[in-house]
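Read off the chains here:
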Amino acid sequence: MSPREIFALRDHLGAELKGRNLSDAHHVVSLTDILSQTVLVGRLRELSGRAVLLKLSDQLRSGLAMIELDGIVRRMLLCPPDLDPAHLDALIADAGIDAVVTDEPDRWTATGVSLVVTAQLPLQSTAPAQTESATEWLMLTSGTSGVPKIVGHTLEALTGAIVAEGPAKGPAPVWATFYDIRRYGGLQIFLRAVLSGGSMVLSDPHEALADHVARLNARGVSHISGTPSHWRKLLMSGSAAQFAPGYVRLSGEIADQAVLDGLKAAFPNSSVGHAYASTEAGVGFAVNDGLEGFPANYLGNRNGVEMKVVDGSLRIRSTRTAHAYIGRNAAALTDGDGFVDSGDIVELRGDRYYFVGRRGGIINIGGLKVHPEEIEAAINRHPDVRMSRAKSRRSPITGGIVVADVILADGTDQARAKEIRDQILDQCRAQLASHKVPAVVRFVEALDVTPAGKLARTDA
Amino acid sequence: MSVRSKVIEAIQQIAREQHVTLPALSDDLSLHETGFDSLAFAILVARLEDETGVDPFTISEDAAFPATVGDFVRAYENVPA
């Protein structure tokens, strides 16, 4: 029996598919003949078998470097753009990094990393490389403080859900995402574009939303993903009217009924679906019936993904999960049975499970545990509300109370603010236990969203 | 609007929201007799802090929580501007 064949990204990028490209706000790079070109100035051979840190200022060169390095290097650690440079030394030590691919080589001259390779455009011609061995993909968790954890994946695990779905019907998709492709949610979309024979349009953090949408249109984007916070921002911007993607996907945060309905109304001819995935647990499932939560019969073993609920938290075991945390003091990634504890708390109502919040995000209200997401979902059901954030505030009477910051939908008459506030409070009282009803509702113009596209919860 | 009328208005607003039937709000009515529970008082103090900029019960470590409606109003009236 011959050894199992190893596939790398390059093996999905033959020249037989014409018209494929990867683009950002400044460049369009053809993927059709990408295998005979190099973003690493022809130095790929030097990186063979190395543990490589990928630290670039833009997604385009990052994506091109991933294509070139996969199947050649031993490890590849993807650094998201907001990584605190103070954490680099710890990450380099934990991942055993011995080479860096960067666009700022001067920054690395005085470091202990012996091999520094510069990634640059335009691409140069090179002889196509052959896949040598499976590369370990290392990603960072998007935690709020401290050194991020390093999560180890294989390409096979990362692409498990994509392969299981099979090839897309119809013309090759043009994918886009509001995420950065160096995070799990964005990488999923980049890999979908590469494996599906399609193209991809990258986001740019410096671009105005209206310009971004114009670019998505100009490039014919058919499939697009983002967090509920990304989508709420788009719905608020007024730019959605010019855009008509075929498939709209949400992941990374709880997709409540309000945002699903809002997207269905804004894109009446699109399929709108939400997916459950995390850097550690991989892609769990997609929900395409237009409803929040997921059917209870998703628990158990479904298409090779096993799920169970332990102490309210969703646990997942599948070949798509990460295989380990990497580093000197790395904790175990799975429980004794191989399940990843997601820390996402679910609640069974009728024949459906609903996400109520993160175990680590609980706020304490007078000694009672409250998930801010549950309160936000109740507030967001008001038709004039576009986005909200619930948090705790110190109280001299009860220790803590719930307060909510709310963004009203575009064009809401400010004179109605008091009436809307009363309606929101009535609605919350009808749906929530009394200690969860906000004591104070403030109307705000904007809410902070983290670089990972999630609502910022500084007090959580 | 005087501090007193702001306080009384906030009490009445919260009573409506919480479906509490208030007795007449005289100065010597004990807070217990208003029908407010601790959550309702917590809401009241938070809203008055937003409106007046002060929380007299947090500023002073040793301030006893007032016993009557009159004491409660005076706690806000006596805060130095």
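Since the structure is predicted, the reported quantities are computational estimates derived from the model, not experimental observations.

Participant: Quick question: what am I supposed to make of the overall build of chain A here?
Facilitator: Helix and strand counts for chain A come out as 10 helices and 28 strands. For chain A, the C-alpha radius of gyration of 23 Å lies close to 23 Å, the compact-globule estimate for 460 residues. Dimensions along the principal axes, computed over C-alpha positions, put chain A at roughly 70 × 50 × 50 Å. Scored against the burial criterion, the 460 residues of chain A give a buried share of 55%. Sequence-distant contacts in chain A: of pairs separated by 6 or more residues, those separated by 24 or more amount to 65%. Of note, chain A has its 48 positive side-chain charges centred 2 Å away from the centre of its 52 negative side-chain charges.

Participant: I'm lost on the interface of chain A and chain B in this one. Help?
Facilitator: How large an interface is tends to be reported as the accessible area lost when its parts come together. Contacts between the two partners involve 15 residues from chain A and, on the opposite side, 17 residues from chain B. Surface buried jointly by chain A and chain B totals about 1,300 Å² across both partners, of which 59% is contributed by carbon and sulfur atoms. Taken as a group, Arg 393, Ile 397 and Arg 429 of chain A account for 37% of the area that chain A buries against chain B, more than any other trio of residues on that side. Taken together, the links from chain A to chain B amount to 3 salt bridges.

Participant: Is there a simple way to think about the domain arrangement of chain A in this case?
Facilitator: Residue and element names in this part refer to chain A. Looking at chain A, the domain boundaries give domain 1 (9-349) and domain 2 (362-443). Counting residues at the interface gives 9 residues for domain 1 and 9 residues for domain 2. Summed over both partners, the interface of domain 1 with domain 2 buries about 900 Å², with 61% contributed by carbon and sulfur atoms. Where domain 1 meets domain 2, there are 0 salt bridges. At the junction of domain 1 with domain 2, the criterion picks out 1 residue pair in polar contact (both at pLDDT 80 or more). Here the element with the most residues in the side of domain 1 that touches domain 2 is helix H7 (residues 228-237); it accounts for 4 residues. Split into classes, the residues belonging to the side of domain 1 that touches domain 2 amount to 5 nonpolar, 1 polar and 3 charged.

Participant: Looking at this model, I keep getting lost on unusual backbone geometry. Mind explaining?
Facilitator: Trans is the common state for peptide bonds, and a negative phi is the common state for residues other than glycine. Residues and elements named next belong to chain A. Residue Pro 122 is reached from Leu 121 by a cis peptide bond, and omega for that bond is -5 degrees. Mapped onto the elements of the fold, Pro 122 is located in the loop between strand S7 (115-118) and strand S8 (124-125). A positive phi angle is found at Asp 311, which is not glycine, with a value near 50 degrees. Examined against the element boundaries, Asp 311 turns out to sit in the loop between strand S19 (305-310) and strand S20 (313-317). According to the relative accessible area criterion, Asp 311 is exposed, its value standing at 74%.

Participant: Whenever I open this one, the sheet that holds strand S4 (residues 51-55) of chain A confuses me. Can you help?
Facilitator: All names here are of chain A. The 7 strands lie next to each other as S7-S6-S4-S5-S9-S10-S21, forming an open sheet whose pairing is mixed. The open sheet has two edge strands, S7 and strand S21 (324-326), and neither has a second partner. For this sheet the average axis-to-axis angle between neighbouring strands, irrespective of direction, equals 30 degrees. Across 5 bridges, strand S9 (residues 136-140) lies against strand S10 (residues 150-154) in antiparallel orientation. Along S10, the bridge assignment pairs Trp 137 with His 153. Of the strands in this sheet, S4, strand S5 (75-78), strand S6 (99-102) and S9 touch helix H1 (residues 59-69), which is tilted by about 165 degrees from S4.

Participant: Just checking my understanding: could you explain the nonpolar core for this structure?
Facilitator: Side chains of nonpolar character tend, in soluble globular proteins, to be buried together. Judged by nonpolar contacts, the single largest core of 48 residues is most densely connected at Leu 47, Leu 69, Val 101 and Phe 190 of chain A. With 7 residues, the single largest contributor to this core is helix H5 (residues 184-195) of chain A. If near-sequence neighbours (up to four positions away) are discounted, Leu 69 of chain A is found in contact with Leu 40, Leu 44, Leu 47, Val 52, Leu 54, Met 76, Val 101 and Thr 135 of chain A. Membership of the second largest hydrophobic core comes to 29 residues, among which are Ala 15, Leu 31, Ile 43 and Leu 44 of chain B.

Participant: Honestly, the packing of aromatic side chains in this entry has me stumped. Any pointers?
Facilitator: Here the distance between the centres and the angle between the planes together describe a pair of aromatic rings. Residue and element names in this part refer to chain A. One pass over the full model with this rule turns up 16 aromatic pairs over all chains. Centre to centre, the rings of Tyr 276 and Phe 285 are 5.5 Å apart; their planes meet at 20 degrees, and the pair counts as stacked. This pair shows no difference in class: Tyr 276 is buried, exactly as Phe 285 is. The rings of Tyr 276, Phe 285, Phe 294, Tyr 298, Tyr 353 and Phe 355 are connected pair by pair, giving a single aromatic cluster. Across from the ring centre of Tyr 298, 3.6 Å away, lies the NZ or CZ of Arg 302, which sits over that ring.

Participant: Can you walk me through the pattern of salt bridges in this structure?
Facilitator: Residues and elements named next belong to chain A. Per the stated rule, a full pass over the model turns up 34 salt bridges over all chains. Across the pair Asp 405 and Arg 442 runs a salt bridge, and its minimum N-O distance is 3.0 Å. In this pair, Asp 405 is assigned in strand S27 (residues 399-408) and Arg 442 in strand S28 (residues 440-443), connecting sequence segments 37 residues apart. For Arg 442, a relative accessible area of 43% translates into the label partly exposed.

Participant: Before we go on, may I ask you to explain the UniProt feature "domain: Carrier" (unreviewed entry) in chain B in this structure?
Facilitator: Mapped onto this numbering, the UniProt entry gives "domain: Carrier" (unreviewed entry) at residues 12-55 of chain B. A helix fraction of 50% and a strand fraction of 0% characterise residues 12-55 of chain B, whose end C-alpha atoms lie 19 Å from each other.

Participant: Even after reading the chapter, I still don't get the pairing of S4 of chain A, so can you show me in this structure?
Facilitator: Along any regular strand, the residues point their side chains to alternate faces of the sheet. Residues and elements named next belong to chain A. Counting buried residues along S4, 5 of its 5 residues qualify, which places the element largely inside the surrounding structure. With burial as the criterion, each face of S4 is covered, one bearing Ala 51, Leu 53 and Lys 55 and the other bearing Val 52 and Leu 54. Note that S4 and S5 share 4 bridges and pair parallel. Considered in S5, the bridge of Leu 54 is made with Leu 78. Sheet analysis places S4 next to S6, joined by 4 bridges and oriented parallel. Within S6, the residue paired with Val 52 across the bridge is Ala 99.

Participant: Explain the packing of H7 of chain A against helix H8 (residues 257-266) of chain A here, please?
Facilitator: Each pair of packed helices gets described by two things: the angle between the helix axes and the distance between those axes. Residue and element names in this part refer to chain A. One can describe the packing of H7 onto H8 by two numbers: an axis separation of 10 Å at closest approach and a directional angle of 45 degrees. With respect to H8, the axis of H7 lies oblique. Crossing hand, H7 versus H8: left-handed. Contact residues: H7 offers Pro 228, Trp 231, Arg 232 and Leu 235, while H8 offers Val 259, Gly 262, Leu 263 and Ala 266.

So, how was this worked out
Residues numbered from 1 in each chain as written. Chains lettered and ligands numbered in written order. Predicted model: local features only at pLDDT ≥ 70, side-chain atom pairs only at ≥ 80, totals over all residues. Heavy atoms only, no water. Helix = DSSP H or I, 4+ residues; strand = E, 2+ residues; numbered from the N terminus. Rg over C-alpha atoms; globule rule 2.2 N^0.38 Å. Buried < 20%, exposed > 50% of the residue type's maximum accessible area, 1.4 Å probe, protein only. Contact = heavy atoms within 4.5 Å. Lys, Arg positive; Asp, Glu negative; His and termini not counted. Charge placed at Lys NZ, Arg CZ, Asp CG, Glu CD. Buried area = accessible area lost by both parts, 1.4 Å probe. Salt bridge = Lys/Arg side-chain N within 4 Å of Asp/Glu carboxyl O. Domains from an automatic or database assignment. Polar contact = N/O pair within 3.5 Å; in protein donor to acceptor, adjacent residues only side chain to side chain. Nonpolar A, V, L, I, M, F, W, Y, C, P; charged D, E, K, R; others polar. Pairing = 2+ DSSP bridges. Axes fitted to C-alpha atoms, helices over the stretch in contact; angles between N-to-C directions. Core = buried A, V, L, I, M, F, W, Y, C linked by side-chain atoms within 4.5 Å. Phe/Tyr/Trp six-rings, centres within 6.5 Å; stacked < 30°, edge-to-face > 60°. Lys NZ or Arg CZ within 6 Å of the ring centre and 35° of its normal. UniProt positions renumbered as here; feature names shortened; annotations may be inferred. Parallel < 35°, antiparallel > 145°, perpendicular 65-115°, else oblique. Left-handed = near helix turned anticlockwise from the far one by under 90°.

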